[in-house]
Amino acid sequence: MQLEMPTPELQSAPPAEADQSSDGQLSVREASKFFPSLTGDGEVCVFRDVSLDIANGEFVSIIGHSGCGKSTLLNIIAGFDQPTSGEILVDGKKVLGPGLDRMVVFQSFALMPWMSAFDNVRVAVRSAFPSWDSKQVAQHTTRYLNLMGLSDIGKKMPAHLSGGMRQRVGLARAFAVQPKALLLDEPFAQIDALTRGSIQDELVRMWDVAGATVCMVTHDVDEAILLSDRIALMTNGPEARIAEIVDINIPRPRTREQLIESEDYMRLRTRILRFLIDHNRRPTALDDTAHAMQAYPHSDENQPD
Amino acid sequence: MMNRKTWRLPSDPKWWQAKILSVVILVVLLGGWQYATSRAAFDPTGKTEEELMLLEFNGDIVMNDAGDYVFNEEKTSGVPGPLMVGKKIVEELSHPFHKNGTNDHGIGHLIFYTVSRFSVGFLLASVVAIFVGVIVGLNPVIFHAVNPFLQVLKPISPLAWMPLLLYTVQKPTITAILVVFMASLWPTIANTAFGLSSIDKDYLRVSRMLEFGWFRRLFTVILPAAAPAIVAGLRISFGSALVAVVPAEMLLGELGVGYLTWIEWNNLDIAGVLFAILVVGFVGFLMDALFSKLSKAASYAT
């Protein structure tokens with residue numbers, strides 16, 4: 001897909017955005033999450049004492065097996081859920097609930113099916129920039145739809161769009177708000193492999209320009225290496241934790257072709273896969289609680305790789 | 001039903017096959033009706049002079065121009081045939097807006113009375129029911145507290161409320177509207193509450209993430225998300241109100257197409273009763289078609 005370079009348009013954006021795109025440093029401070037167990041006796045610990053610091057403008061992925069609690073962690077960062085203990089800081093301020101400074105891109109796209117693609121983005125822009133008149137809102141919306149290569153489909157309803165197109169609308173909605181941080185919850189899991197590649201490229205290009213902090217949850221190792229500055233490896237739940245954080249020091253811009261040739265890439269891929277394989281086996285004594293946790297609605301709902 | 005703007009190829013088999021079948025069914029029904037209601041010609045053999053005189057005196061038979069006794073066409077017994085009902089339909093439709101006294105109003109007036117009575121009751125109930133349903137559906141505590149009451153109130157026939165309503169409001173005009181109101185209330189409340197309580201949580205998350213105020217959240221997310229369920233509830237209410245309006249008119253003596261069947265029964269005009277039944281069917285059909293057009297505007301693909 002041919003795309004114009006987004007830079008000049010973004011620079012012409014109104015000054016009101018300056019406040020929004022300020023320091024997006026994101027910190028998870030010793031966060032733990034417990035759910036009441038399904039049997040009713042006691043609690044299940046999803047993860048314990050997780051700490052993670054993401055610098056402003058950094059792209060960090062969290063990778064782990066299904067059910068390890070990584071989506072729960074992302075929901076807590078988003079403010080949809082509260083940690084049992086510990087806290088989340090954005091730009092030094094404690095997160096108390098969801099907000100426009102942290103836009104989530106959902107695995108299920110979460111576009112309102114009763115609104116056109118354009119209206120789905122516009123309603124977010126209107127909410128993020130309440131002082132703008134309707135013309136400014138419409139212009140801004142159009143600009144971000146164009147940046148995602150969606151100039152022709154604004155009038156279409158989400159039901160009439162492919163999964164890839166819907167997630168482009170989801171990304172346009174998230175970027176158009178110009179949040180401090182972008183939270184991606186397995187954003188490409190429901191998109192076919194060929195489309196996935198081009199959307200990943202578009203995401204990187206948008207991120208380059210917008211400069212938002214990104215935290216992505218995934219279980220796709222290649223995707224994580226291609227996109228991330230660092231990858232946090234999460235052990236299996238219950239009582240999951242971030243075991244290690246891998247620096248991806250492959251220079252940008254990265255292309256898929258170049259990655260395949262790169263020795264760094266092979267080394268990192270092997271290391272991460274080795275970690276995932278080593279942690280694939282659950283401790284048998286905890287099998288019951290692990291199943292109970294999977295059945296609990298807040299735990300990871302994702303299909304295994 | 002047919003869209004005149006689009007030319008249908010004659011090779012589209014389902015279209016004309018269905019039409020022909022409809023006509024065949026109609027002909028069979030009318031033919032069967034005619035056969036079942038027709039009488040053989042009067043046969044005087046085996047009857048004494050005295051018996052014939054008594055029959056003529058009662059008006060069952062008359063002497064025709066040729067001097068033979070035949071059945072009296074004016075005096076009908078049993079269910080009238082399609083020709084007589086057809087004659088009645090033509091007669092009624094030829095002066096739809098006449099008014100003779102308090103009870104003999106043209107069919108156009110009667111339809112208007114019923115439709116306006118129905119509309120007022122249904123719209124009033126819909127507004128109240130959606131409002132109550134939203135309040136009940138938004139709060140799980142209220143939902144669970146109110147649900148048992150709804151379950152008991154829902155199956156009560158709307159006509160069962162009539163004596164109480166008539167006693168309370170005195171006026172039969174208002175009582176008829178309230179019966180329609182009661183008939184349209186519960187399905188809409190139940191469906192609205194259910195629709196609101198089962199909204200996809202991702203939509204609610206998006207609305208929280210975008211920091212919508214409660215007003216915008218209600219009108220741009222919650223109500224549209226629940227719209228299919230609300231419309232389904234309105235649809236059920238609509239049907240049950242349509243069923244309730246006819247006996248309500250009969251019992252309360254309120255002029256309308258429902259009461260027409262009763263007037264004609266009191267007149268012992270069975271052709272009139274059949275005509276009134278057909279009118280009820282057509283009015284219901286037209287209103288339902290109109291309503292489904294409106295409800296399409298509130299639907300969307302997911």
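Every chain begins its residue count from 1, and numbering advances along the sequence as written. The order in which chains are written sets their letters, starting at A; the order in which ligands are written sets their numbers, starting at 1. Restriction of local features to residues with pLDDT of at least 70 applies here, the model being predicted, together with a cutoff of 80 or more for giving and counting side-chain atom pairs; totals for whole chains, interfaces and linings are based on all residues. Computation of side-chain values covers all heavy atoms of the structure but excludes hydrogens and water.

Colleague: Tell me about the pattern of salt bridges, and name the residues and values.
Modeller: Residues and elements named next belong to chain A. For this analysis, a salt bridge means a side-chain nitrogen from Lys or Arg found within 4 Å of a carboxyl oxygen belonging to Asp or Glu. For the coordinates displayed, the defined rule picks out 21 salt bridges over all chains. Across the pair Asp 201 and Arg 256 runs a salt bridge whose closest N-O atoms are separated by 3.0 Å. Here Asp 201, found in helix 7 (residues 193–210), pairs with Arg 256, found in helix 9 (residues 256–261); they are 55 residues apart in sequence, far enough to count as distant. Relative accessibility thresholds used throughout: buried, under 20% of the residue-type maximum; exposed, over 50%; partly exposed, between the two (1.4 Å probe, protein chains only). Judged by its relative accessible area of 38%, Asp 201 falls in the partly exposed class. Classification of Arg 256 as partly exposed rests on a relative accessible area of 31%. In this structure, Asp 264 and Arg 267 form a salt bridge, with 3.3 Å as the shortest nitrogen-oxygen distance. Within this pair, Asp 264 and its partner Arg 267 are both found in helix 10 (residues 263–278), separated by three residues, close to a single helical turn. Taking the relative accessible area as the measure of exposure, Asp 264 reaches 31% and is therefore partly exposed. Numbering goes from the N terminus for both helices and strands, where a helix is a DSSP run of H or I of at least four residues and a strand is a run of E of at least two.

Colleague: With reference to specific residues and values, describe the sheet that holds strand 6 (residues 102–105) of chain A.
Modeller: Residues and elements named next belong to chain A. Each pair of strands is called paired provided DSSP finds at least two bridges between the two strands. Taken together, six strands build an open sheet; the order of strands is 6-7-8-3-9-10 and the sheet is mixed. Each edge of the open sheet carries a strand with a single partner, namely strand 6 and strand 10 (242–247). Neighbour-to-neighbour, the strand axes of this sheet turn through a mean angle of 20°, independent of strand direction. With four bridges connecting them, strand 6 and strand 7 (residues 181–185) associate as parallel partners. Working convention: axes come from line fits to C-alpha atoms, limited for helices to the stretch in contact. Angles between N-to-C directions cover 0 to 180 degrees.

Colleague: Let's hear about the interface of chain B and chain A: which residues, and what values?
Modeller: Contacts between the two partners involve 18 residues from chain B, matched on the other side by 25 residues from chain A. As a working definition, buried area equals the accessible area (1.4 Å probe) given up by two parts on being put together, with both sides summed. Both faces considered, chain B and chain A share a buried interface measuring about 2,000 Å² in area, 66% of it formed by carbon and sulfur atoms. Summed over the three residues of chain B that lose the most area to chain A, namely Arg205(B), Met209(B) and Leu210(B), the buried surface amounts to 32% of that side. Remark: the boundary between chain B and chain A carries zero salt bridges. Pairing of N or O atoms within 3.5 Å defines a polar contact, subject to two protein rules: one partner must be a possible hydrogen donor and the other a possible acceptor, and residues neighboring in sequence count only if both atoms are side-chain atoms. Inspection of the region where chain B meets chain A yields five residue pairs in polar contact (both at pLDDT 80 or more). Put simply, the parts of the chain that give the side of chain B that touches chain A at least two residues each are helix 8 (201–209) and helix 9 (214–252) of chain B. By residue number, the principal contributor to the side of chain B that touches chain A is helix 8 of chain B, which donates seven residues. Taken together, the residues that form the side of chain B that touches chain A break down as ten nonpolar, two polar and six charged. It only takes one pair of heavy atoms within 4.5 Å for two residues to be counted as in contact. Following the grouping adopted for this structure description, the nonpolar residues are Ala, Val, Leu, Ile, Met, Phe, Trp, Tyr, Cys and Pro, the charged ones are Asp, Glu, Lys and Arg, and the polar ones are all others, Gly among them.

Colleague: Please give an account of the environment of Asp229(A) that cites residues and values.
Modeller: All names here are of chain A. Looking at the element boundaries, Asp 229 is found in the loop between helix 8 (221–227) and strand 9 (230–234). With 22 residues separating them in the primary sequence, Asp 229 and Pro 251 have C-alpha atoms 9.6 Å apart. Dropping the residues within four chain positions of it, Asp 229 is found in contact with Gly 57, Glu 58, Phe 59, Trp 207, Val 246, Asp 247, Ile 248, Arg 252 and Arg 254. Polar side-chain contacts of Asp 229 include one of 2.9 Å to the side chain of Arg 252.

Colleague: Outline the sheet that holds strand 4 (residues 85–90) of chain A, supporting the account with residue identities and numerical values.
Modeller: Residues and elements named next belong to chain A. The four strands lie next to each other as 2-1-4-5, forming an open sheet whose pairing is antiparallel. Looking at the sheet topology across the chains shown, the edges are occupied by strand 2 (43–54) and strand 5 (93–94). Examined bridge by bridge, strand 4 and strand 5 share two bridges and lie antiparallel to one another. Opposite Leu 89, over in strand 5, you have Lys 94 as the bridge partner. Lying over the sheet, helix 3 (residues 70–78) contacts strand 1 (26–36), strand 2 and strand 4, oriented at roughly 120° with respect to strand 1.

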